[in-house]
Amino acid sequence: MFTGNQREAFLSFLRNLTPQIAFLTLAFISASLLDGTWKFDWEGFRNVLPMLMSVFVFLGATIANISQFIDAVAASTPEMCEASKAIKARWPAGPRQSCELLVASWKHNKPAMLNFLVAMIVAETALVLVFLAAYQGGVASHWAR
């Protein structure tokens, strides 16, 4: 994963973490500006909309970034590339597709299994760090007011 063709996917994955941090920080800041009362009218919707849009963009960026990274790491041998194409055609990106790719990695290329597991650990660690950085930014902006 740290050499060869997968190196570009890894670096791209790391570069794409910054927008995720930014949008989750915006969501935390927007959430901290809410007063905690539920208003089911236009004003309440207008107050919640920035937070919802930030969360929506964050989730979309996260899913796209992780799935692109896992796809690049999973495709290593011609057999695995064929299996990967079949799995992607059958399942949408998500946990089920990841499990299918994991089984295919074990079946078609056991060394790729190690790459896949390292990629999953990197992705999960990055997601935790994104949450921590965004939370820290949200708390810092809250106390700056």
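Above this text you will find the structure in question.
Every value quoted in this text rests on a predicted model; they were computed, and no experiment measured them. (Residues numbered from 1 in each chain as written. Predicted model: local features only at pLDDT ≥ 70, side-chain atom pairs only at ≥ 80, totals over all residues. Heavy atoms only, no water.)

1. Section: the environment of Ser 105
Argument step 1. Structurally, the position occupied by Ser 105 is in helix α5 (residues 95-108).
Argument step 2. Its relative accessible area of 0% is what places Ser 105 among the buried residues.
Argument step 3. Sequence separation of Ser 105 and Asn 115 is ten residues, and the distance between their C-alpha atoms is 9.3 Å. (Helix = DSSP H or I, 4+ residues; strand = E, 2+ residues; numbered from the N terminus. Buried < 20%, exposed > 50% of the residue type's maximum accessible area, 1.4 Å probe, protein only.)

2. As for the nonpolar core
Note on soluble globular proteins: their nonpolar side chains tend to be buried together.
Argument step 1. Formed by 23 residues in total, the largest nonpolar core has its most connected members in Phe 13, Leu 24, Phe 69, Ile 70 and Leu 101.
Argument step 2. Counting residues per element, the ones that place at least two in this core are α1 (6-15), α2 (17-33), α3 (42-74), α4 (78-90), α5 and α6 (110-144). (Core = buried A, V, L, I, M, F, W, Y, C linked by side-chain atoms within 4.5 Å.)

3. Quick word on the side chain of Thr 25
Argument step 1. Residue placement: Thr 25 occurs in helix α2.
Argument step 2. Here Thr 25 falls in the buried class, since its relative accessible area comes to 13%.
Argument step 3. Aside from chain neighbours lying at most four places away, what touches Thr 25 is Ala 133, Ala 134, Gly 137 and Gly 138. (Contact = heavy atoms within 4.5 Å.)

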